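Chain and residue survey
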Amino acid sequence: MKKNYLITVSLIIFLSAFSLTLFAQQNKQSQNVKLTVLNSMERIGQKETPYGGTRAIIKAAKNEVESFQVVVQSLTKNIAVVKAEMSDLSGNTGTISKENFSLFREEYTRVRLSTPRAELPPGLYADPLVPFINPETGKPIEPLSRTRDKPDGPLISKGFTMYAVPFEVWKGENQPIWVDLSIPKDAVAGEYKGTFTITVYNGSPDDAFSHTSVPKPEFVTTYSLPVILTVWNFTLPDGPSLRNSFGGVRRAATDFGVAVNSQESDEIELNYCKMMADNRINPPIPDRFLPEMNDDGSLKITSERTQALKKFIEDFHVTDFPVPNDAIKKMTTSNQGKVIRYYRGFYQYLEENGWEKRAYLYMLDEPNTKESYQKVVALGKVVHEAAPKLRCLVVEQTWTQNSSFPDIDPAVDIWCPLFSYIDREGINQKLSEGDDVWSYTALAQRAPGNHPQYNKVKDFDPPYWAIDQPLTSYRMPTWMNWQYKIDGLLYWSTIYSQSISGVTDPWFSPVLSRPGKPFNGEGYLMYPGMPCGINGPVASIRLKNLRDAMEDYEYFTILEKLTNRETVTRLVGTIVPNWWAKPDPKDFLAVRERIANEILKLKK
C-alpha cells in the first residue's frame, strides 16, 4: 500500500510539473499576441499602446444590436491572423447562436489635413468596416489573387483588394475587429457566456495568404477571450422612434459605374436602403415605388407601385418619410393649380393607406436671404391650401434671421436648426404653438452672431460629424434632442463623395473640400462596396455609433411611457445638460444602464 501511495504521489508530482511546464510554454507563447477589448465609442490608433479590458462585457435589450471591439496586437514579431470567430453564447436560460454575431475588420483611412475645429490630429483612423462575410453571397470575401493555368497562359484574377481575413499585424501595431451582436426578440433575459477566438498562422506568411494551402495544426495558435452578455427584459421596437431624414442614395450607383434607372442600380439602391434600415435610419423611398404625376398634376396610381411601397415600408420598418418635393421646387405663378392638385391628391393617397402621420414635405433648405424667406411664405401657402394637414419642414432655426425678412412661421410646421443654432427658449415657443422641431448638422459651424444667446454660446462647439472627431459626436445628438424636446434628426447625405485631384473614392480620399477647408467624412457614413466585391455599401464605425444613439433614444421613450418625460430628462441631463456638453464614452454606458434598470424596476 505504501508503494502504491508513493507511485500516486510521484504521478501527481509528475503531472503537476508537466502542467506547470505546459502552462509556462503556453504563457510564453501567448505573449506573442495581446487581445484587448474596447467599447463601441473608443478608437485605437494603429501604433497606439494597447488599452482596454481582457474580456467583453456587454448589456443590451431584446431586438437591439450591441457592439464591442477586439484589438489584436503583435508584441514580438509580425503575425498573420487567418481566422476570427465567436462561439455560441450559453446561459442558464438558453443559448444565443453565434449566427447572431457579425464580424468586421476595421480598415484605417488617412486624414491628411484636419477638419476645421477637429478635436483629433491628422493620421490614420479606423472607420470602414470590412465584413468577414459578404452579405450578398453569405461567404467570406476572397483576397485578390492572379494565377495562370499554364506558364504562358493569361493571368486569371480572382478575389478582391479589400477583405477581412487573412490579415497581417506587424510587431508593435494594432488591428481592431468590430463585433456586432443582434439580440433576438425571443431571447430569454439573463446572462450568457461565450468566447471570441482568433487563429494565428506561424508558418510562412505567403502560405497564410494562399488559397491552395490549408494551415497544418502545428503551425497555428489560437488566442481567446471571454464574452459575457446580459440581456435585459425589455424589447426595442423594429423602427426608429426618433424621426429622421438622411438624404437619398440613388446616385450611389454611379460609384459602381452603373447606369441610373437600370436593374442593377435598383438593386444597389435597395442594398443601401437596407443598411440604413439595419442601423435604425429611415431609408429614402425609391421613386419607382411612388405614384407618378400626370401632366395636370393628378396622380397616376397603380396597385403594383402601392404594393411595392407597402412592402418597402414594412420590410425596412420605415416610421416616417418625405413626400416628393419636385413639384414644389418647380412651381411658378402659372402652374400653381397643378401643384395644388398634386399635393391634394398625394395627401389623399397617404390617408387612404394610413401613412399620412408618417409623411412630411421637405420644402426648402437653409433660406438665408430675404428672397428665400419670401419663397418659403409663398410655397407654404400653396401647400397648406392643397393639404392643410401636411407638415412642411424647412431647414431653418427658430428665430428670424434678419428683422427685415418676412415672418415664415405660418408656412413652417417643422423647424430644423443646426446643432449650434439650437435655442431652448425659441424651441419651446414653437412647440407651444403646435410646431415640431428637428435638428441637423453640416460642416463645423458655431453659433451665429444673431443667436439669441450669442454671448453665452459663441465659443462652444456642438458635436461635429467628421472622422477626426471623437465617436461620441455621433452618440450625443439623440441625447441632445431629448434634452431640448427635439423629435427629429436630419443629415444631408450618407453617400456623398467628391473628386479631389481626380480621386472620388472615399476609401482613399475621405474629404469633402471647401476652399482651404477639408471636411473629413462629411456627407458620407457608408463606403461603396466595390473593393470588397459587394454590390452595395460597407458600413463605417460612425454609422454604428449613430445606430447606438438611435437605440439609446428607444430607451428614453420606453422609460417615458412607464414614468414621465421629466424623469428621463433628469437622467439624460446628468451627462448632456446642453448641446455643447462633452461626455466620456463610459458616461453614456453608465446612464444607459441606469435607464435600463429603471425600466426593469417599473416593469415588475
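First, a word on scope: everything that follows refers to the structure included in this document. Only a predicted model underlies this, so the values are computations on that prediction, with no experimental measurement involved.

1. Some words on the overall build of the chain
- Regarding its fold elements, the chain presents 13 helices and 27 strands.
- Against the globule reference of 25 Å for 604 residues, the chain gives a C-alpha radius of gyration of 27 Å, in line with a compact fold.
- In terms of overall dimensions, the chain has C-alpha extents of about 105 × 70 × 50 Å along its principal axes.
- Taken over 604 residues, the chain has a buried fraction of 52%.
- As presented, the chain carries roughly 27,800 Å² of accessible surface, and 51% of it is formed by carbon and sulfur atoms.
- Counting 69 positive and 71 negative side-chain charges, the chain places the averaged centre of each group 4 Å from the other.

2. Describing the nonpolar core
- Phe234, Phe246, Tyr343, Met363, Tyr555 and Phe556 are the most contacted members of the largest nonpolar core, which has 102 residues in total.
- Those residues in contact with Phe556 that sit more than four places away from it in its chain are Thr478, Trp479, Trp482, Val568, Val572 and Ile595.

3. Points about helix α8 (residues 424–432)
- Among the residues making up α8, those that are buried are Gly426, Ile427 and Lys430. For α8, the angular spread of the buried residues around the axis is 100 degrees, confining them to a single face. Within α8, the exposed residues directed more than 90 degrees away from the buried face are Glu425 and Ser432.
- Looking at the buried positions of α8, the neighbouring elements they touch are β21 (414–415) and β22 (436–441).
- Looking one or two residues past α8, Gly434 carries a phi angle of roughly 95 degrees, positive in sign.

4. Overview of the packing of helix α10 (residues 472–483) against helix α11 (residues 541–562)
- One way to put it is that α10 packs onto α11 with a least axis distance of 7 Å and a crossing angle of 25 degrees. As the angle between them shows, α10 and α11 are arranged roughly parallel. The crossing of α10 and α11 is right-handed. Facing α10, whose interface residues are Tyr474, Arg475, Thr478, Trp479 and Trp482, α11 presents Arg542, Asn545, Leu546, Asp548, Ala549, Met550, Asp552, Tyr553, Phe556, Thr557 and Glu560.
- Of the residues contributing to the contact of α10 with α11, the split by class is 8 nonpolar, 3 polar and 5 charged.

5. Some remarks on the pattern of salt bridges
- Enumeration according to the criterion identifies 32 salt bridges in this entry.
- With its nearest N and O atoms 3.0 Å apart, the salt bridge here joins Asp127 to Arg542. Placement of Asp127 in strand β8 (residues 123–131) and of Arg542 in helix α11 is noted, with a sequence separation of 415 residues between them.
- With relative accessibility at 0%, the residue Asp127 sits in the buried group.
- The exposure class of Arg542 is buried, given its relative accessible area of 0%.
- Measuring nitrogen to oxygen at the nearest pair gives 2.9 Å for the salt bridge that ties Arg250 to Asp266. Here Arg250 is found in the loop between β15 (243–245) and α3 (263–278), whereas its partner Asp266 is found in helix α3, with 16 residues between them in sequence.
- For Arg250, a relative accessible area of 22% translates into the label partly exposed.
- It is possible to trace a salt-bridge network through shared partners that takes in Glu64, Glu66, Asp180, Arg475, Lys544, Arg547, Asp548, Asp552 and Arg592.

6. A word on the side chain of Glu42
- Mapped onto the secondary structure, Glu42 falls in the loop between β1 (33–38) and β2 (56–62).
- Look at Glu42 and you get buried, because its relative accessible area is 14%.
- A distance of 2.8 Å separates the side chain of Glu42 from the backbone nitrogen of Asn39, its partner in a polar contact.

About the cut-offs
- Residues numbered from 1 in each chain as written.
- Predicted model: local features only at pLDDT ≥ 70, side-chain atom pairs only at ≥ 80, totals over all residues.
- Heavy atoms only, no water.
- Helix = DSSP H or I, 4+ residues; strand = E, 2+ residues; numbered from the N terminus.
- Rg over C-alpha atoms; globule rule 2.2 N^0.38 Å.
- Buried < 20%, exposed > 50% of the residue type's maximum accessible area, 1.4 Å probe, protein only.
- Areas by Shrake-Rupley, 256 points an atom, 1.4 Å probe, with all protein chains shown as cover.
- Lys, Arg positive; Asp, Glu negative; His and termini not counted.
- Charge placed at Lys NZ, Arg CZ, Asp CG, Glu CD.
- Core = buried A, V, L, I, M, F, W, Y, C linked by side-chain atoms within 4.5 Å.
- Contact = heavy atoms within 4.5 Å.
- Arc of directions from axis to C-beta.
- Axes fitted to C-alpha atoms, helices over the stretch in contact; angles between N-to-C directions.
- Parallel < 35°, antiparallel > 145°, perpendicular 65-115°, else oblique.
- Left-handed = near helix turned anticlockwise from the far one by under 90°.
- Nonpolar A, V, L, I, M, F, W, Y, C, P; charged D, E, K, R; others polar.
- Salt bridge = Lys/Arg side-chain N within 4 Å of Asp/Glu carboxyl O.
- Polar contact = N/O pair within 3.5 Å; in protein donor to acceptor, adjacent residues only side chain to side chain.

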